[in-house]
Amino acid sequence: MFFDGAENFKGVRICAVLILESGQHYPASAKISFPCTNNMAEYEACILGIRMEVDMNVKELLVIEDSDLLIHQVQWEWSTKNVKTLPYLCCTKDLCKKFTKIEFKHVPRIQNKFADALATLSSMILHPDKNYIDPN
């Protein structure tokens, strides 16, 4: 699974791209309708993808992202005291418990091109504000 976030004058968009062993690609994107930091958007994208994998009953998952901070926090290599990202970290760790095996891998931005392009494309599209998913 690859994921990413993008921000521009139209707002913040997130995306996740699930790639099964069979080669099938499942892209998803969403608009964030509340003020958020880049790190919050990265966590939102990660959670979007992981929840999709849970819904698809996937048991083993490789999560790939170009956000050094998120990857190291989820692997407990770096800590966070940021009150805005701490709930995201806890949610991500709880979702990880639903897998028999989950691995997080940091890659350079150039290797996350598909998710980056999807997030950028999604950020350029004007989504109707009435179509949204309530995160609660």
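This write-up is about the structure you can find in this document. In this text the structure is predicted, and so the values were computed from the model without any measurement.

1. Details of the packing of aromatic side chains
Step number 1: All told, the structure shown has one aromatic pair when counted by the stated rule.
Step number 2: Both rings, one in Y43 and one in Y88, keep their centres 6.1 Å apart while their planes meet at 20°; by these two values the pair is stacked. Of the two residues, Y43 is situated in helix α1 (residues 38–55) and Y88 in helix α3 (residues 86–96); the sequence distance between them amounts to 45 residues. In this structure, Y43 and Y88 share a single accessibility class: buried.

2. Overview of unusual backbone geometry
Step number 1: One non-glycine residue, N57, lies in positive phi territory at about 65°.
Step number 2: The phi dihedral of W76 is positive, around 60°, even though this residue is not glycine.
Step number 3: One can find W76 in the loop between α2 (68–74) and α3.
Step number 4: Overall, the relative accessible area of 61% leaves W76 in the exposed class.

3. Section: the pattern of salt bridges
Step number 1: Counting across every chain of the model gives one salt bridge.
Step number 2: K97 serves as the salt-bridge partner of D94, at 3.4 Å between the closest nitrogen and oxygen.

4. Some points on the nonpolar core
Step number 1: One finds M1, F3, C46, I50, V63, L70 and F104 to be the most contacted residues of the largest nonpolar core, which totals 29 residues.
Step number 2: For this core, the secondary structure elements donating two or more residues are β2 (11–19), β3 (25–32), α1, β4 (60–65), α2 and α3.
Step number 3: By residue number, the principal contributor to this core is α1, which donates eight residues.
Step number 4: Non-local contacts of L70, meaning those with residues more than four positions away in its chain, are made with F3, E42, Y43 and C46.

5. Some details on the packing of α1 against α3
Step number 1: Interhelical geometry of α1 versus α3 gives an angle of 20° and a closest axis separation of 10 Å. Overall, the two elements α1 and α3 adopt an arrangement that is roughly parallel. Helix-helix and strand crossings are classified by hand; for α1 and α3 the assignment is left-handed. Here M40, Y43, E44, C46, I47, I50 and R51 of α1 come into contact with α3, specifically with Y88, L89, C91, T92 and L95.
Step number 2: Residue composition of the contact of α1 with α3, by class: nine nonpolar, one polar and two charged.

Here is what the cut-offs are and how they apply
Residues numbered from 1 in each chain as written. Predicted model: local features only at pLDDT ≥ 70, side-chain atom pairs only at ≥ 80, totals over all residues. Heavy atoms only, no water. Phe/Tyr/Trp six-rings, centres within 6.5 Å; stacked < 30°, edge-to-face > 60°. Helix = DSSP H or I, 4+ residues; strand = E, 2+ residues; numbered from the N terminus. Buried < 20%, exposed > 50% of the residue type's maximum accessible area, 1.4 Å probe, protein only. Salt bridge = Lys/Arg side-chain N within 4 Å of Asp/Glu carboxyl O. Core = buried A, V, L, I, M, F, W, Y, C linked by side-chain atoms within 4.5 Å. Contact = heavy atoms within 4.5 Å. Axes fitted to C-alpha atoms, helices over the stretch in contact; angles between N-to-C directions. Parallel < 35°, antiparallel > 145°, perpendicular 65-115°, else oblique. Left-handed = near helix turned anticlockwise from the far one by under 90°. Nonpolar A, V, L, I, M, F, W, Y, C, P; charged D, E, K, R; others polar.

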